[in-house]
Amino acid sequence: MLSVAHNLNNIQQKISQACQTGGRDPEDVTVIGVTKYASTERTIEAVEAGITNIGENRLEGLTEKYNAIEHEVNWHFIGNLQSRKARDVVGKVAAIHSLDRRSLAKEINKRADKPVDCFVQVNVSGESTKQGLPPEETSHFIEQLADYEKIRVVGLMTMAPHIKDEDLLRQYFRTLAELKVQIENEQWDHAPCHYLSMGMSNDYEIAIEEGATHIRIGTELVGPPENNESR
Ligand SMILES: *Cc1c(COP(=O)(O)O)cnc(C)c1O
């Protein structure tokens, strides 16, 4: 298995290239290392290679690594979050990327003692297996989150389908970027909405060209599931 440092170096080169193509500043693109398939040991290797943002999609994985890793790291919760687990997530993370329903907002609001940065998850492809709100319901949903004083909507998040069609991927990312601008323009106090969490191993270069500020990379950084122990 290749070292995380080697993989990260390749990724950074591709990020620079995509930034050049898209007229973006690499400083504006945060790499979230997704370690859901990786061991704690491999996760530490990622941190030592320079990763300072880590994403986990399950409470168990988050807790395991959160407890074991002593380095200064920003933790991100990127998976479907059951409301009853919100309490255990809010105190640990810099951001939750998967806010997609009012009941979850209510629970986060109840369990947090300070404002929590949240990305609202949008299902841009309309695939029934994907979490997230339909694009046309997103603005109204966010407007209503003003009821919850500890919810701060910092951006939108999406997971594109795992396909090769670049034009279609680009279209999905563009839809999210346009929706972000629309919400940003509302200037709601609780929803600055400046960020776009989009792009994974399969598609992050296109996502960057279309404005991604947070890319979530697992496989290309730490290796595919079968090369990692456990989970
Ligand atoms: C697993 C996962 C990723 C990373 O996917 P890769 O294809 O391994 O890069 C990103 N975002 C979410 C929400 C995930 O669950």
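Residues numbered from 1 in each chain as written. Predicted model: local features only at pLDDT ≥ 70, side-chain atom pairs only at ≥ 80, totals over all residues. Heavy atoms only, no water.

1. Concerning the state of the cysteines
Item 1. Enumeration according to the criterion identifies 0 disulfides in this entry.
Item 2. With no disulfide of its own, C193 lies 12 Å from the sulfur of C118, the closest cysteine sulfur.
Item 3. For C193, a relative accessible area of 0% puts it in the buried group. (Disulfide = S-S within 2.5 Å. Buried < 20%, exposed > 50% of the residue type's maximum accessible area, 1.4 Å probe, protein only.)

2. What to know about the site of the ligand
Item 1. Taken together, V34, K36, I78, M157, M159, M200, S201, R216, I217, G218 and T219 form the complete shell of residues around the ligand.
Item 2. Measuring from a nitrogen atom of the ligand, one finds a side-chain N or O atom of R216 at 2.8 Å.
Item 3. Taking T219, its side chain carries an N or O atom lying 2.6 Å from an oxygen atom of the ligand.
Item 4. Here the ligand loses 92% of its free accessible area of 390 Å² to cover by the protein chains.
Item 5. Its atoms largely coinciding with the cavity grid, the ligand occupies the largest pocket.
Item 6. Broken down by class, the residue content of the shell around the ligand amounts to 6 nonpolar, 3 polar and 2 charged. (Near = heavy atom within 4 Å. Polar contact = N/O pair within 3.5 Å; in protein donor to acceptor, adjacent residues only side chain to side chain. Areas by Shrake-Rupley, 256 points an atom, 1.4 Å probe, with all protein chains shown as cover. 1 Å grid on protein atoms, 1.4 Å probe; cavity = no way out; pocket = protein on both sides within 12 Å on 5 of 7 lines; lining within 4 Å. Sits in = over half its atoms within 2 Å of the grid points. Nonpolar A, V, L, I, M, F, W, Y, C, P; charged D, E, K, R; others polar.)

3. Focus: the nonpolar core
Item 1. Core analysis: the biggest nonpolar cluster contains 65 residues, and I96, L99, I108 and L156 have the highest contact counts within it.
Item 2. If you tally residues by element for this core, the top one is helix α7 (residues 166–184), at 7 residues. (Core = buried A, V, L, I, M, F, W, Y, C linked by side-chain atoms within 4.5 Å. Helix = DSSP H or I, 4+ residues; strand = E, 2+ residues; numbered from the N terminus.)

4. So, helix α1 (residues 4–22)
Item 1. Taking 1.5 Å as the rise per residue, α1 with 19 residues should run 27 Å; its terminal C-alpha atoms sit 26 Å apart, in good agreement.
Item 2. Those residues of α1 not exposed but buried are V4, N7, L8, I11, I15, A18 and C19. Buried residues of α1 fall within an arc of 110° about the axis and therefore sit on the same side. Exposed residues lying more than 90 degrees from the buried face of α1 are Q20 and T21.
Item 3. Residues of α1 that are buried in the fold lie against β1 (30–34), α2 (40–48), α8 (204–209), β8 (214–217) and α9 (219–222). (Expected span 1.5 Å × (residues − 1). Arc of directions from axis to C-beta. Contact = heavy atoms within 4.5 Å.)

5. Quick look at the layout of surface pockets
Item 1. Considering only enclosed or pocket space, the largest pocket measures out at about 520 Å³ in volume.
Item 2. Lining the largest pocket are 23 residues, with K36, Y37, M159, M200 and R216 sitting closest to its centre. (Points joined across faces, edges and corners; volume = space filled by probe spheres on them.)

By themselves, these figures tell us nothing about what the structure is for.
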